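Close look at the chain arrangement
Read off the chains here:
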Amino acid sequence: MSAQVRLRLLPRARCMFDEPVQVKVDGLRSGHVVTIRARSTDEKGVVFSSSASYKADESGEIDLERDPSLSGSYVGVEPMGLLWSMRADTLHKRFRKNNLINPHVVKFSVHDDEEEGKGRMLAEVTNERLLLGEGVNRRPVKEGNIRGVLFTPPGEGPFPAVLDLHTFGGGLSEKRASLLASHGFVVLTVALYGHDDMVKNIKEVHLDYFEEAIEFLKKQDKVGSKVGVISISKSADIALSMASYLPDVEVTVWINGCSANTWLPLYYKKSLILPPLMIDISKVILTESGAVNGKYAMHNPLAEENKATLVPIEQAKGRFLFMASEDDLNWDSKAYMEQMVERLQRHGKDNFESVCYPGAGHYLEPPYGPYCHSSFHAVAGKPVLWGGEPRSHAEAEVHMWKKIQEFLRTHLSCDDTPTKAKL
């Protein structure tokens, strides 16, 4: 390792997972071409890595906020490119990080790109990306039927309360909930099945479970009078149903979901309220990589025989934030969003905002994690293409994450002052 070359992360090498860092190198020769690499291992042991070549300026410095990558995992000026462009060393793997105690560790290193010392490491630094903010309390919940984890920020409150639905596929997902709590929300993330003493699989969904979760959340210390729901994919149609049938949902964030109840029948108070919209297997496209493209595989929810599956969102008293990726290959999220906007407008409603992301894929998550091209799908039983172009997807995640927080804060404000969320 070269003694004079320095690789620095600013403002600090230890930061929150969703926080950008400035990557800088100094001590190089003027015009020196080097490769900067990033490498990380997720909790399943899958290695993710990226690399990009840069040329030092006259002072022997490289600044990723200013300088373009010449080649590698991406090209051009991309300050956080080394993080979002990381790819798994194995096909069809999604970055897994659910253990919040340990940070997401990324090793950055600088390597000589010139002939006499090609590949030699010149400097390295470790970036610790935290998922649990300082003072945030994490409490496992096993009360009544509810199985999940409650995250409470430090301070007296009251804080806006959010129910995080990341339920399909089984088990419990904590990353988004813990990061939201680190931004000043009380967040309950719940499992629907496949966690703790819950059944391993389900054949129907009961809205009563989520009603119980909202009642539990409202009873917590530091919680204001309003509750919001954040959801993605299948759980997004559950969130629509909660907003439409339950009285206490003030805000619903819908990310890349469907306009209809999908896959499983939905019950409330032991009565069937929505049958499921199903998939047309003949429209699933198998690609060369072994992953499937299901963008147009769901039956049309607007067809007469499927209209009973549509969620009656015009009944909702609260507000919606619809967020859809144009290049979602899991299903046609943009079309579903347009259907919902048209339905609300037809009923004289303006209780919604909608955002569309060109070039983004299905899995929109808190920013600066590795982009996922394809991974195993619990329902399909095989790998699925999620869609998206890495750079556009990364940009969408940054915008989405900020917009969600502003929307939730605005419409769950504990002082009851209604204002429109702006970005």
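The protein has the name Acyl-coenzyme A thioesterase 1-like in an unreviewed UniProt entry, where Cottoperca gobio is given as its organism. Note on the protein: under the UniProt heading Sequence similarities (unreviewed entry), the record states "Belongs to the C/M/P thioester hydrolase family."

Here we look at the overall build of the protein
Across its full length, the protein carries six helices and 25 strands. Taken against the 2.2 N^0.38 rule, which gives 22 Å for 423 residues, the C-alpha radius of gyration of the protein at 23 Å falls within 12% of a compact globule. Taking the principal axes of its C-alpha atoms as reference, the protein extends roughly 75 × 55 × 45 Å. Expressed as a percentage of the 423 residues in the protein, the buried residues total 57%. Considering only intrachain contacts with a sequence separation of at least 6, the fraction spanning at least 24 residues in the protein is 67%. Carbon together with sulfur atoms contributes 49% to the accessible area of the protein, which is approximately 18000 Å² in total. Across the protein, the 51 positively charged side chains and the 56 negatively charged ones have centroids separated by 3 Å.

Focus on the UniProt feature "active site" (unreviewed entry) in the protein
Taking the UniProt record as the reference, the feature "active site" (unreviewed entry) is found at S233, D328 and H362. For this annotated set, covering 130 residues, all C-alpha atoms fall within 10.5 Å of each other, a compact arrangement in space. Residue contacts for S233: discarding those within four places in its chain leaves I255, N256, G257, N330, W331 and H362. Looking at the element boundaries, H362 is found in the loop between β23 (352–357) and β24 (374–377). Residue classification places H362 among the buried positions, given a relative accessible area of 1%.

Topic: the sheet that holds strand β6 (residues 62–63)
Taken together, the three strands give an open sheet; going across it, the order is β1-β3-β6, and neighbouring strands pair in antiparallel fashion. With one partner strand each, in any of the chains shown, β1 (6–10) and β6 form the two edges of the open sheet.

Details of the side chain of N256
Among the secondary structure elements, N256 is positioned in the loop between β17 (251–255) and β18 (266–268). Here N256 falls in the buried class, since its relative accessible area comes to 0%. A polar contact of 2.8 Å, which involves the side chain of N256, links it to the backbone oxygen of H362. Other than its neighbours up to four places away in sequence, N256 contacts S233, M323, A324, S325, D328, W331, S333, G361, H362 and L364.

Examining the sheet that holds strand β12 (residues 146–152)
As summarised here, the arrangement of the eight strands in space is β11-β12-β14-β13-β16-β17-β22-β23, forming an open sheet in which the pairing is mixed. Strand pairing shows two members of the sheet lacking a second neighbour, β11 (137–143) and β23, which therefore form its edges. The average undirected angle you get between the axes of adjacent strands in this sheet is 15 degrees. Both strand β16 (residues 223–232) and β17 contribute to a ladder of five bridges, which runs parallel.

The rules behind each value
- In this convention, every chain numbers its residues from 1, walking through the sequence in written order.
- It should be noted that, the model being predicted, local features are given only for residues of pLDDT at least 70 and side-chain atom pairs only at 80 or more, the latter also being counted only at that level, while totals for whole chains, interfaces and linings use all residues.
- Think of the side-chain values as coming from all heavy atoms in the structure, minus any hydrogens and water.
- UniProt positions are given in the numbering used here, feature names are shortened, and annotations may be inferred rather than shown by experiment.
- Under the DSSP-based scheme used, a helix requires at least four consecutive residues in state H or I and a strand at least two consecutive residues in state E, with every element numbered from the N terminus.
- In this description the radius of gyration comes from C-alpha coordinates, and the expected globular size is given by 2.2 Å times residues to the power 0.38.
- Categorising residues by exposure relies on relative accessible area from a 1.4 Å probe, with only protein chains included: less than 20% of the type maximum marks a residue as buried, more than 50% marks it as exposed, and the intermediate range marks it as partly exposed.
- Should any heavy atoms of two residues lie within 4.5 Å, those residues are counted as being in contact.
- Each accessible area is a Shrake-Rupley result for a 1.4 Å probe, and residues are judged covered by the shown protein chains and nothing else.
- Charge assignment in this entry is limited to Lys and Arg as positive and Asp and Glu as negative, and neither His nor the chain termini are counted.
- Positions of charges follow a simple convention, taking NZ of Lys, CZ of Arg, CG of Asp or CD of Glu.
- In this analysis, strands are considered paired if DSSP registers two or more bridges between them.
- Contacts described as polar in this section are N or O atom pairs within 3.5 Å, which, within protein, must combine one atom able to donate a hydrogen with one able to accept it, while residues neighboring in sequence count only if both atoms come from side chains.
- Note on geometry: axes are C-alpha line fits, over the in-contact stretch for helices, and angles between N-to-C directions span 0 to 180 degrees.

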